[in-house]
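Residues per chain are reported as follows:
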Amino acid sequence: MFKDLDPILHSQLRLAVISLLISVKEAEFTFLKDKTNATAGNLSVQINKLKEAGYIDVIKQFKENYPQTICRITPAGVHAFDDYVKTLNSYITHQHPEKPVQKKTDPSL
Amino acid sequence: MEEEKFSPEDSFRLIQSMIAKAKNTVADDSFYFLLWGWLVFIASLAQWVMKVILHSPYHYMAWWLMVAGVVASIWYGYHDNRKKKVKTYVEEMLDYLWISLFVTYMLFSFIFAKTGWENCSPFYMLLYAIGNFVSGRALKFSPLVWGAVACWVLAVISTFTDFDTKILLGALAVFCSNIIPGFLLKKKYRKMQFDVQRS
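Okay, so let's go over this structure.

Criteria and thresholds
- Here the residue numbers are simple positions, counted from 1 along each chain's written sequence.
- A letter from A marks each chain and a number from 1 marks each ligand, given out in the order of writing.
- Residues qualify for local features only when their pLDDT is at least 70, as the model is predicted, and side-chain atom pairs are given and counted only at 80 or more; totals for whole chains, interfaces and linings, by contrast, use all residues.
- By the convention used here, strands pair only if DSSP detects at least 2 bridges between them.
- Each helix corresponds to a stretch of at least 4 residues labelled H or I by DSSP, and each strand to a stretch of at least 2 residues labelled E; elements are numbered beginning at the N terminus.
- We call two residues in contact when their backbone-placed C-beta atoms lie within 7 Å.
- All axes are obtained by fitting lines to C-alpha atoms, using only the stretch in contact for helices, and the reported angles, taken between N-to-C directions, cover 0 to 180 degrees.
- For this classification, the nonpolar set comprises Ala, Val, Leu, Ile, Met, Phe, Trp, Tyr, Cys and Pro, the charged set comprises Asp, Glu, Lys and Arg, and every other residue, Gly included, is treated as polar.
- By this rule, a helix spans an expected 1.5 Å times one less than how many residues it contains.
- Neighbour counting defines burial: a residue surrounded by 20 or more other C-beta atoms within 10 Å of its own C-beta is buried, one with 12 or fewer is exposed, and intermediate counts give partly exposed, using backbone-placed C-beta atoms.
- Taken from the helix axis, the directions to the C-beta atoms give the arc we talk about.
- In these notes the angle categories are as follows: under 35 degrees is roughly parallel, over 145 is roughly antiparallel, 65 to 115 is roughly perpendicular, and the rest is oblique.
- We call a crossing left-handed when the near helix sits turned anticlockwise from the far one by less than a right angle, and right-handed when that turn is clockwise.

## Some thoughts on the sheet that holds strand β1 (residues 26-28) of chain A
Taken in spatial order, the 4 strands make up an open sheet running β2(A)-β3(A)-β1(A)-β1(B), and their pairing is antiparallel. Single-partner strands in this sheet number two, and they are β2 (56-63) of chain A together with β1 (86-87) of chain B. Sheet analysis places β2(A) next to strand β3 (residues 66-73) of chain A, joined by 8 bridges and oriented antiparallel. Bridged to A:Phe62 within β3(A) is A:Pro67. Lying over the sheet, helix α2 (residues 29-36) of chain A contacts β1 and β3 of chain A together with β1 of chain B, oriented at roughly 80 degrees with respect to β1(A).

Pasting the structure below:
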């Protein structure tokens, strides 16, 4: 039996955002938009879903009189990402089972 | 990015590509290496000229140039932080490293002001070496690591020389540890920016 993939993370844009945030300490909304090539509206909706799930923190502030949104992954988000990758791994291993590794034995033994 | 059903393989590819994109987000830290490299290089040569050629008793005044470095670093750091869209763990760790080295540098200066400056050069070279080695390994940039090795070697050599030669070896140390790696780091950053724009 396979564990279901986390539906919050199993979405292209949300997974892209989480994958970016897991690699950095924090990132601005514009950075996430540039790297994912998403539209501002769509990215905003997906960020809200991640925030509601408790996977990211979103800090809204002003910088030089312009609104600035900073996103940061939470410990729950790191845990969910880790689980997601493990589940993915088990799916892929099942689909493409590798040949069992033959241990080299010493002929002299 | 479109929302559609995608396979576990697609998920893995997406994760890999996003992590690679985030890894390519390296800040241009060459400014600090070049700024401090040139300032220490110029101050060392100026002190040597004032002491050895001009026989000035005020040769140590050349080091007041470092105040300009502190002001320029604070100004640049303040403006650079405002422009940054992302903060990486490596950048944060390196900030703490260089702050701790700066404090140690200042405390060494305080101690040498009390005990005498005759043997200060090897200690400063060792501080450059620590900063360069850790930065080089963290940024995976070997010229900084080789700069650190040069500082370690020059620190040992300078313990066998007189004060005037120590000044020149100090200039050589920053040339190897800051100026050359600084230029190469700037070149690498520009190439990365160019590659990102092309892709």
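So that's the structure; there's more coming.
## Observations regarding the interface of chain B and chain A
Between chain B and chain A, the contact holds 23 residues from the first and 23 residues from the second. Residue composition of the side of chain B that touches chain A, grouped by class: 11 nonpolar, 2 polar and 10 charged. When β1(A) meets β1(B), the two strands line up antiparallel, connected through 2 bridges. Note that in β1(B) the partner of A:Ala27 across the bridge is B:Val86.

## With respect to helix α4 (residues 75-95) of chain A
Residues and elements named next belong to chain A. Relative to the 30 Å expected for 21 residues at 1.5 Å per residue, α4 spans 30 Å between its end C-alpha atoms, a close match to the ideal helical length. Taken residue by residue, α4 has Gly77, Ala80, Phe81, Tyr84 and Leu88 as its buried positions. For α4, the arc enclosing every buried residue in end-on projection is 100 degrees, short of the 170-degree limit, so these residues lie on one face. Away from the buried face of α4 by more than 90 degrees, exposed residues Pro75, His79, Asp82, Lys86, Asn89, Thr93 and His94 are located.

## Concerning the packing of α4(A) against helix α1 (residues 8-23) of chain B
Where α4(A) contacts α1(B), the two axes come as close as 9 Å, and the packing angle between them is 130 degrees. On the basis of their axis angle, the class for α4(A) and α1(B) is oblique. The two elements α4(A) and α1(B) meet at a crossing, and its hand is left-handed. Contact with α4(A), carried on its side by A:Leu88, A:Tyr91 and A:Ile92, involves B:Pro8, B:Glu9, B:Ser11 and B:Phe12 of α1(B) and no other residues of that element.

## Some remarks on unusual backbone geometry
You will see that A:Asn37, though not glycine, has its phi angle at about 60 degrees, which is positive. Relative to the elements of secondary structure, A:Asn37 occurs in the loop between α2 and α3 (40-52). Non-glycine residue B:His55 carries a positive phi angle of around 50 degrees. Relative to the assigned elements, B:His55 resides in the loop between α2 (30-53) and α3 (65-83). Exposure remark for B:His55: the 8 C-beta atoms within 10 Å place this residue in the exposed category.

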